[in-house]
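Structural features, examined
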Amino acid sequence: MNVSAFHRFCSRLSFTLLVLIGCAISTHAADKVIVLKAARLFDGKSKTLAQNGVVIVQGNKIVDAGSNLPTPTDAQVIELGDATLSPGFMDGHTHLTLDFSGNYNERRLKEVDLNVSEQAIIATRYARATVEAGFTTVRDLGSRFVGSKEFVDVALRNSINKGVIVGPRMLVATYGIGATGGHFDPTSGFRDMLFGHEPDFSQGIADGPDAIRKAVRFEVKNGADVIKAAVSGGVLSLADEVDTPQLTPAEMAALVDESHRLRKKVAVHCHGDQAAKEAIEAGVDSIEHGSFMKPETLTLMKNKGTYLTPTLMATEWIMSKIDNYPPALQAKAKAAAAARSDMFRNAVKMGIKISFGTDAAVFPHGQNAKEFKLMVDLGMQPIDALKTATGNAADLFGVAQKTGTLEKAKFADVIAMPGDPTADITATERVSFVMKEGKIIRNGPPSVPPVAVSPDADPEIPAD
Ligand SMILES: [Zn+2]
């Protein structure tokens, strides 16, 4: 072969290689089309269900969704029968790294013993139970371990995003921010200086506007997607009253200003009415719990467009296991439970924006969907309850461009539940099919039944 023939041979060879590589890339890009079919479809925003629901998926996105859509040729069809397709549910208030559903004092004793790395491994089970229950996105509102400084929620989120473990898409808060001795102070209720020092901004504890700003900046630096703070007392904390204000208006203003500058939403734990009023005025994005909010505070919320995340499951669980808690906490739980039903009924009547949220960890992970029935029992229409966990939640989370509804170009986060959830809202508790970003997580019975995540076997710490 002379020199020019050799060059011709080489250029032909490189052309052939390019064609082969090109084919390989285009074959990879042309992901298989999956068509999901069921008797009904809820799109996450409409007032009624559509009949003969079809969702067409390619790769990690929805190609189309609606009624009686034609099936593309060569598509894989998954026939789900007498079921309802829905966007993957979203829970606005979880703690996937924790479990405080068991006996309060036993868990409190164990929490000082368990290695945080072990907690992280246990948390992978909670993540799986949650996504298998149909919750494909969660806001994880606080993760902390007394005496340790770790970002287990960030690690969990990242491991899920990288495909190392299976779980929901997580927007994490790292440490809840709060005052010394307040609901989020992890050392409250323990002997003074048992852990050798007072917690500071590096565990979310901050006093004064400048310290609050520092805590927000520290959390964003370490991976927070959303900022959580406690502006009033809480039920599962030993050293405070449930409805007292715990941040000043100046601290709340700094909290909201700093978070919004960094383009993070602010979710505040708040049971008390006065604290809620001040937090809404300060411009927070959501009030979590809101047990004691009076109608005039709800009116303020309505005018400001602030979301309510009711977490009815939390009080429901605590009241059903009341003997698991010390007397001081029992009294706080009873007061919050007595107030929250009227507050929620008023919020529904007044048309307050409501996002689904449960406080999972107070009860065993994977039982999140029980919140739907509690909302319907307190006067919410079933279709509106479904919206709280789809379109509304996506709006609050700031991810409505990507997920929350079954629409073209959104993530293929699709679930199915048996029958018609608008006729029997408990169908949400029997999700039978879960797809997240086009990947089928389950089609049939769950691999980790919620009951397998034992409330008493997992020693964790108190939090929100
Ligand atoms: Zn909480």
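Residues numbered from 1 in each chain as written. Predicted model: local features only at pLDDT ≥ 70, side-chain atom pairs only at ≥ 80, totals over all residues. Heavy atoms only, no water.

This structure, assessed with the given rule, holds nine aromatic pairs. Ring plane angle 50 degrees and centroid distance 5.4 Å describe the contact between Phe 89 and Phe 135, whose orientation is recorded as tilted. In this pair, Phe 89 sits in strand E6 (residues 89-94) while Phe 135 sits in strand E7 (residues 135-140), placing the two residues 46 residues apart along the sequence. One aromatic cluster is present, formed by Phe 89, Phe 135, Phe 356 and Phe 372 through successive ring pairs. (Phe/Tyr/Trp six-rings, centres within 6.5 Å; stacked < 30°, edge-to-face > 60°. Helix = DSSP H or I, 4+ residues; strand = E, 2+ residues; numbered from the N terminus.)

Time to look at the sheet that holds strand E8 (residues 169-172). Strands sit in the order E6-E7-E8 across an open sheet of three strands; the sheet is parallel. Each edge of the sheet is formed by a strand with only one pairing partner; in this case those strands are E6 and E8. The mean angle between the axes of side-by-side strands here comes to 15 degrees, regardless of whether they run parallel or antiparallel. Strands in contact with helix H4 (residues 152-161) are E7 and E8; relative to E8, the strand with the most contacts, it is inclined by about 150 degrees. (Pairing = 2+ DSSP bridges. Axes fitted to C-alpha atoms, helices over the stretch in contact; angles between N-to-C directions. Contact = heavy atoms within 4.5 Å.)

On to the coordination of the zinc ion. Protein coordination at the zinc ion comes from His 93 (NE2), His 95 (NE2) and Asp 359 (OD), with a distance range of 2.1 to 2.2 Å. Of note, the donors binding the zinc ion are all from one chain and are spaced H-x1-H-x263-D. Of the two residues, His 95 is situated in the loop between E6 and helix H2 (104-111) and Asp 359 in the loop between helix H10 (327-350) and helix H11 (370-377); the sequence distance between them amounts to 264 residues. Each member of the pair, His 95 as well as Asp 359, carries the same accessibility label: buried. (Donors = N, O, S within 2.8 Å, 3.2 Å for Na, K, Ca; no water. Buried < 20%, exposed > 50% of the residue type's maximum accessible area, 1.4 Å probe, protein only.)

The share of residues in the chain with pLDDT of 70 or more is 90%, and the mean pLDDT across the chain is 91. The low-confidence segment residues 17-28, where pLDDT is below 50, has zero contacts with residues more than four positions distant or belonging to other chains. Note on residues 450-463: pLDDT is under 50 here. Beyond four places in sequence and across chains, it has 52 contacts. (pLDDT = per-residue confidence, 0-100.)

All right, on to empty space enclosed by the protein then. Taken as a whole and judged by the stated rule, the model has three cavities of 30 Å³ or more. For the largest cavity, the calculated volume is near 140 Å³. Sort the elements by how many residues they give to the lining of the largest cavity and helix H9 (residues 312-320) lands first, with four residues. Classifying every residue of the lining of the largest cavity gives seven nonpolar, seven polar and three charged. (1 Å grid on protein atoms, 1.4 Å probe; cavity = no way out; pocket = protein on both sides within 12 Å on 5 of 7 lines; lining within 4 Å. Points joined across faces, edges and corners; volume = space filled by probe spheres on them. Nonpolar A, V, L, I, M, F, W, Y, C, P; charged D, E, K, R; others polar.)

Moving on: the side chain of Arg 169. Examined against the element boundaries, Arg 169 turns out to sit in strand E8. Among the polar contacts made by the side chain of Arg 169, one reaches the side chain of Asp 413 at a distance of 2.8 Å. A distance of 2.9 Å separates polar atoms of two side chains, one belonging to Arg 169 and the other to Glu 437. Ignoring sequence-local partners within four residues, the contact set of Arg 169 consists of Thr 136, Thr 137, Val 138, Thr 403, Phe 411, Asp 413, Lys 436 and Glu 437. (Polar contact = N/O pair within 3.5 Å; in protein donor to acceptor, adjacent residues only side chain to side chain.)

Attention now moves to the pairing of strand E1 (residues 33-41). The element E1 is extensively covered by neighbouring structure, given that seven of its nine residues are classed as buried. As judged from the eight bridges shared by E1 and strand E2 (residues 50-58), these two strands associate in the antiparallel manner. Residue pairing across strands places Leu 41 opposite Ala 50, the latter belonging to E2. In terms of strand pairing, E1 meets strand E4 (residues 76-79) through four bridges, oriented parallel. When the bridges of E4 are listed, Lys 37 appears paired with Glu 79. As defined by bridge partners, E1 adjoins strand E5 (residues 83-87) across two bridges and the pair is classed as parallel. Bridging from a neighbouring strand, Leu 41 pairs with Leu 85 of E5.

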